Structure formats: C-alpha cells, structure tokens
Amino acid sequence: MNKQTFLDSFGHIADAPGGIRKLRQLILSLAVRGRLTTPLATDEPAAVHLANVQAERQRRLAAGELRRATDDFLSSDVDALYSLPTGWSWAHLRDTCINLDSKRVPLSGSERARRGGPYDYYGASGVIDTVDDYLFDKPLLLIGEDGANLLLRSTPVAFVARGRYWVNNHAHVLDSVDVACLKYLAVFVNATSLAPYVTGTAQPKLNQTRLNQIPVAVPPLEEQKRIVRRVDELMALCDELEEQQAVRIEARSTLMAATLHRVSKASRPDDLRTAVGAFADNIGLHLVPGEGDLAALKRIRQAILDLAVRGRLTHRDPDDVPATDLLTQIAAERDRLVRAKEIRKPKQFASVEPGEVSFTLPGGWTWARANEFFIASDSGWSPQCLIEQAGPGEWGVLKTSAVSRGAFEEAANKKLPPTLEPRPQLEVQPGEFVMIRASGSKGLVGRGAIVTETESHLMLSDKHIRLSFLAEASTRYWAILNDCTEVQRYYSAKSSGTSTMSNVTRDRIGALAVPVPPLGEQVRIAEAVEALFALCDDLEQQFLAAQDVRRDLGDSVVAHAS
C-alpha cells in the first residue's frame, strides 16, 4: 500500500475529532498485521531471526554480559491473537530481544542536580533530565515500566533511545541483533493494548515478568525493516496532515477574530445578527477538525450577554417608564412585604459611586445595588436525604447542579426521607431565580437559572439563594445579567471559604452594582438575547452533527481496517 493509496483510503479519518491520533494508531495496527508491506520470496522466515536472537543471548550469557532470566518457563507456547502472513511467527516478547534491565541505575533528584551534564537521563516516558555520565552508548529500545501512560497512551510507551544516555528503573531496556528489530518492537508495543499485562490501579506497572509474556507477531527480519520504513513514511504523512490542519485552523482563527470584533462593535441587534450571520455563512471553514468551533460559539454567546446588559442590542423607546420609577415600585412592594412580615428588611448599602462602574448607561437606565432590584432573597435547608431523586408529588432537596448549567434541571435533587417534615416555604416555584452561593468548584459560585414547572415538590438547599423580582421581565433580565462577564468576575473576587468550598454571601450579592434598564427594555433585551442564542444553537447543532459523522465514519473505518 503506497502513500497515495493509504491517503485515499483512510485520509478522511484525520477530519474526525482526534482523527490524526486515530490515523497514527491505525497505521501501527495495520503494520503489525503485515497489511502495509508485501512479503518477498527471498526473506528468511521469522524463525531464523528468532534463533539468531537466542544465539546472541546465549553468547552474552556465556561471556558474563547478562544475568540469567528467572522466567525460563516461557517457551514456544504463545497465544495467537490473529492470523499471520506466511513467514511470520508468534513469540513471547522475551524471545524477540535481550533484556538489559539489570544495567539500569536510578538517580535521585538531588543526585541529578549535583551531577548535571550533557547526557540525557531517561525515565518511563522519555528524557526527564541530564547528567554528567552515561550507561549506554548504542541504540536501545526503552519501554515504560510504570505510570498512567501505560494505559492512557498520551505519549508513546516504547521508543528507541540513541547516542550516549542514562536510564533509570522506570523504563525497561531492550537490545537485539539489529536496530530494525528494536524499531519494529516499538511499533508493535505502541500498537498493542498493555492493559492485560499491567498491574496496579493507583500506580499502573508493567513488570519484567509481565513484559516478557506479551505475545509478539514477528515478521522476517527483512520485512521488519520494510515495515519500519513504511511506518516512518506514513507517520510523516500524518505530520503533513497536521500541518494542513494547522493552516485551516489559523484561517478559522482569523475569521473568528474578525467575527468577534464585529460582534463586540455591534451597536444594534441587526448589526449583531449580520456579524453572527457572517460566521454562519462560513460554516464550511468552521467545520474543520478541532474543538475551536464550539469554543468560538461560547465566546460569541458571552459577547451577546455582555453587550445586552450595556443596552447595545436594543433601542430606546420614549414611552418606556424610566428605571428610577421601576426601582420606586420595587421599593414600595418590598416595604409592603416587610410590614406584612412576609420577608425580612434587607440590608441598606450606599449608593453606587461613579468609580464603581465601567461603562456609561443609555438614557432611561440607572445604576442600583442588586438588592434594590430584586424584591427579596432567601436560602434553604440541607437535611440528610436519600440517594434517589424525588418522584412526582414527592418532596426533595435541590442539588447545586440543578442550576449550574444555566438551565433548571429538575432531576438534580435528592428525595426527602419520610422521617422528616418538608418545609413548604422553601419550595421553589416556576419563574423564580435560583443561584449557587456555595460550591466545591469556585467557577460555579454565582451560577443560576430560572425555575421551570416541576412534578416534584423541590426545596432550596442551604447552598442555594433564591431571588424574587417584581416582574417576569426582570427575572429574565437578571438571568442575562448574572451570566455576564463583569458579574461573574465580581462573584469570583468576592467569594471566600476554604480550599474545598467557596462561598458568596447574600450581602455581597446584594451589594453588587447593576445596570437597570426600564421594564419595557428588559423585555426587549430578553427577546433579543433569545433570538441570537437560537441562531447560535442552530450553528452548534451543525458543528456537533458534522463531528458525529466524522467520528462514526473514522471509528468504522478503523474497526474494519484492523
């Protein structure tokens, strides 16, 4: 199979998410099955090569250059994992090479610091330091002995070291009769799952006994050389594909930068729709491999929120009642509820000072403290609950995850045990805004969502805060404001707590300086954001659908090819 045939057959895998990595793994898998090369009649069978390895091992043992292995029980009885081409043989890895583990010497970090020098110092996954001396001065195969990489494969497990170098006791050291044998063994090990041979969970380990047991598909020596050459050629082709992807990604990044610039400079909803539309018109470019597509949409969504709370997405209506009048109505309703003893009197804060704000408000807007904008706030209760969630008509307590993603998730709750009486005053109602005041993840503190209809009776936990507003439009506007960049930065700066739990208090939320539009404009802002987010949602579905097609196609081709 030449390079062009391979590219025509499998090149499209590169366009799947993680496609280049899959393509490299496919190359290795095909190589060790003889699918990339053609056997030649002049090749000596693998049995001859294995006999030569055994003779070299015996020679070194007789000369005192090696220690005798403790697992001589390994013989020719090898489990065949798949059928092999003519002239190939199955053998335990021990019989394909000569183990030099006894010549390894580990050095502590302090020793290496004292002995810094020009020679590479190898560990399980490659060079980790340099020292002033060397143990080996010829090409040898190193295979990681321990570490998560044995299973995760974020870097090659097997690699050939060259020059003069030192190896510690975290990498097995293997020699053979020809450097091509070492290169082929590296291909085989990197193509093979080591999970059946690895011990340990917290610290995976591939000890020498388990390493020796690995079945290896051994080609004739000359075919090993051809396989290594072909793998090198195809890996170089993968490098070319990566470079081409980098060019496409750069083009996408340039377009994205221009799009975000236009989004940030939009002064009207039509301008913003045009900017996002330009992004949609170039959808083909954005569907190239990678996660940049979704990351770009995330930045556009954030820009939409940030522009909305500055009045950049909506027009002014002379018939709108000014925001100051709205705050007067809110204060009157709050006072009524306080007098009726339905809520507590909120804490009073000083007026917002000019130095606290970062932009100029449109006409009819005003700055206010957050607790001047919402009617009331309260928190909940966290009793010991059952593991299962509450069913229809049953009582439960919300988890923080119920509002952590910007949309209310009824299923994120725990059922109240029958031994405890529910607290109806803590039951959340549709249209209320619930936010997280405490979380083990600082990035979730301050996140929230508007409650939707529920089948269960769900109560606030003590890690939530519930906000109530005078009008539905204000709740929708607050949900937008709460997710804007400046407000989230405020929560991050004002949160406190321990290394395991961050917390923002109700007083600090209440002290937040917020831009308040007239009620009519709050309605228009919510409608504009929803319309623009719907366009982003459509684009996201196109991205995800394209990724799924590429991923499924790539997985199918890999499965059938190997």
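Residues numbered from 1 in each chain as written. Predicted model: local features only at pLDDT ≥ 70, side-chain atom pairs only at ≥ 80, totals over all residues. Heavy atoms only, no water.

Chemist: Can you walk me through the overall build of the protein chain in this structure?
Modeler: Scanning the protein chain for helices and strands turns up 17 helices and 21 strands. The proportion of buried residues among the 562 residues of the protein chain is 46%. When contacts within the protein chain are restricted to residue pairs at least 6 apart in sequence, long-range pairs at least 24 apart make up 77% of them. Accessible surface, the protein chain: about 26,900 Å² in total, of which carbon and sulfur atoms supply 51%. (Helix = DSSP H or I, 4+ residues; strand = E, 2+ residues; numbered from the N terminus. Buried < 20%, exposed > 50% of the residue type's maximum accessible area, 1.4 Å probe, protein only. Contact = heavy atoms within 4.5 Å. Areas by Shrake-Rupley, 256 points an atom, 1.4 Å probe, with all protein chains shown as cover.)

Chemist: Can you walk me through the packing of aromatic side chains in this structure?
Modeler: When we look at a pair of aromatic rings, we describe it by the centre distance and by the angle of the planes. For the structure shown, the criterion picks out 13 aromatic pairs. When the centroid spacing of 6.0 Å and the interplanar angle of 25 degrees are considered together, the rings of Tyr122 and Phe159 count as stacked. With a gap of 37 residues between them, Tyr122 in strand 3 (residues 119-123) and Phe159 in strand 6 (residues 158-161) connect regions that are remote in the sequence. Under the relative-accessibility criterion, Tyr122 is labelled buried at 9%. Counting every residue linked through ring pairs, the aromatic cluster contains Phe373, Phe374, Phe469, Tyr477 and Trp478. Here the basic side chain of Arg33 rests over the ring of Tyr82, its NZ or CZ set 4.2 Å away from the ring centre. Between the NZ or CZ atom of Arg301 and the centre of the ring of Phe533, over which it lies, the distance is 5.9 Å. (Phe/Tyr/Trp six-rings, centres within 6.5 Å; stacked < 30°, edge-to-face > 60°. Lys NZ or Arg CZ within 6 Å of the ring centre and 35° of its normal.)

Chemist: Looking at this structure, how should I read the environment of Val127?
Modeler: Among the secondary structure elements, Val127 is positioned in strand 4 (residues 126-131). Residue classification places Val127 among the partly exposed residues on the basis of a relative accessible area of 45%. Once residues lying within four places of it in the same chain are set aside, the contact partners of Val127 are Asp120, Tyr121 and Tyr122.

Chemist: Mind showing me how you'd approach helix 2 (residues 19-31) here?
Modeler: With 13 residues, helix 2 extends 18 Å from end C-alpha to end C-alpha; this agrees with the ideal 18 Å at 1.5 Å per step. With 10 of 13 residues buried, helix 2 is to be regarded as a mostly interior element. Every buried residue of helix 2 is accounted for by Gly19, Ile20, Lys22, Leu23, Leu26, Ile27, Leu28, Ser29, Leu30 and Ala31. (Expected span 1.5 Å × (residues − 1).)

Chemist: What am I meant to see in the nonpolar core here?
Modeler: Most often, soluble globular proteins keep nonpolar side chains buried together rather than apart. Counting residues in hydrophobic clusters, the biggest one holds 51 residues, and the most contacted among them are Phe373, Trp478 and Tyr491. If you tally residues by element for this core, the top one is helix 17 (residues 519-561), at 8 residues. Setting aside residues no more than four positions away along its own chain, Phe373 makes contact with Leu326, Leu327, Ile330, Arg334, Phe469, Ser474, Tyr477, Trp478, Val514, Val516 and Gln522. Membership of the second largest hydrophobic core comes to 48 residues, among which are Trp88, Phe188, Leu194 and Tyr197. (Core = buried A, V, L, I, M, F, W, Y, C linked by side-chain atoms within 4.5 Å.)

Chemist: What is the right way to look at the confidence of the model for the protein chain in this model?
Modeler: If pLDDT is low for a region, its predicted coordinates should not be looked at in detail. On average, the protein chain scores 87 in pLDDT, and the residues at 70 or more come to 85%. Below pLDDT 50 for its whole length, residues 287-291 participates in 18 contacts with residues either more than four positions away or in separate chains. (pLDDT = per-residue confidence, 0-100.)

Chemist: Could you clarify how one ought to interpret the sheet that holds strand 11 (residues 376-379) in this entry?
Modeler: Across a sheet, strands are paired by hydrogen bonds formed along the backbone, either parallel or antiparallel in direction. One open sheet accounts for 4 strands, arranged 11-18-14-16; its pairing is antiparallel. The open sheet has two edge strands with one neighbour each: strand 11 and strand 16 (448-450). Pairwise comparison of adjacent strand axes, ignoring direction, gives a mean angle of 20 degrees for this sheet. Packed on one face of the sheet, helix 14 (residues 472-482) meets strand 14 (433-436), strand 16 and strand 18 (464-468) and runs near 20 degrees to strand 14. (Pairing = 2+ DSSP bridges. Axes fitted to C-alpha atoms, helices over the stretch in contact; angles between N-to-C directions.)

Chemist: What is the right way to look at the side chain of Arg94 in this model?
Modeler: Mapping Arg94 onto the fold places it in the loop between strand 1 (89-92) and strand 2 (98-99). Look at Arg94 and you get buried, because its relative accessible area is 12%. Side-chain polar atoms of Arg94 contact the side chain of Asp95, separated by 3.2 Å. (Polar contact = N/O pair within 3.5 Å; in protein donor to acceptor, adjacent residues only side chain to side chain.)

Chemist: Before we go on, may I ask you to explain the sheet that holds strand 13 (residues 413-415) in this structure?
Modeler: The 3 strands are arranged 13-12-17 in an open sheet whose pairing can be described as mixed. The open sheet has two free edges, formed respectively by strand 13 and strand 17 (457-459), since each of these has just one partner strand. Between one strand axis and the next, the sheet turns by 35 degrees as a mean value, whatever way the strands run. Where strand 12 (residues 395-398) lies against strand 17, 3 bridges are found, and the strand directions are parallel.

Chemist: Teacher, can you tell me more about the pairing of strand 12 here?
Modeler: Taken residue by residue, a regular strand's side chains alternate between the two faces of the sheet. Alignment of strand 12 against strand 13, held across 3 bridges, turns out to be antiparallel. Along strand 13, the bridge assignment pairs Gly396 with Lys415.

Chemist: For this particular structure, what's the right way to read the pattern of salt bridges?
Modeler: Opposite charge on two side chains makes pairing possible when the charged atoms of those side chains draw close. Summed over all chains, the structure comprises 32 salt bridges. Note that Arg226 is salt-bridged to Asp43, the shortest N-O span being 2.6 Å. One end of the pair, Arg226, is in helix 8 (residues 221-265); the other, Asp43, is in the loop between helix 2 and helix 3 (46-62), with 183 residues separating them in the sequence. Asp43 carries the same exposure label as Arg226, and that label is buried. The salt bridge involving Arg316 is made with Glu521; its shortest N-O contact spans 2.2 Å. Taken together, the positions of Arg316 in the loop between helix 11 (292-308) and helix 12 (323-339) and Glu521 in helix 17 put the pair 205 residues apart, joining distant regions of the chain. We classify Arg316 as partly exposed; its relative accessible area is 35%. Using a relative accessible area of 1% as the deciding quantity, one classes Glu521 as buried. By sharing partners, the salt bridges in this structure join Glu56, Arg59, Arg60, Glu65, Lys138 and Asp175 into a single network. (Salt bridge = Lys/Arg side-chain N within 4 Å of Asp/Glu carboxyl O.)

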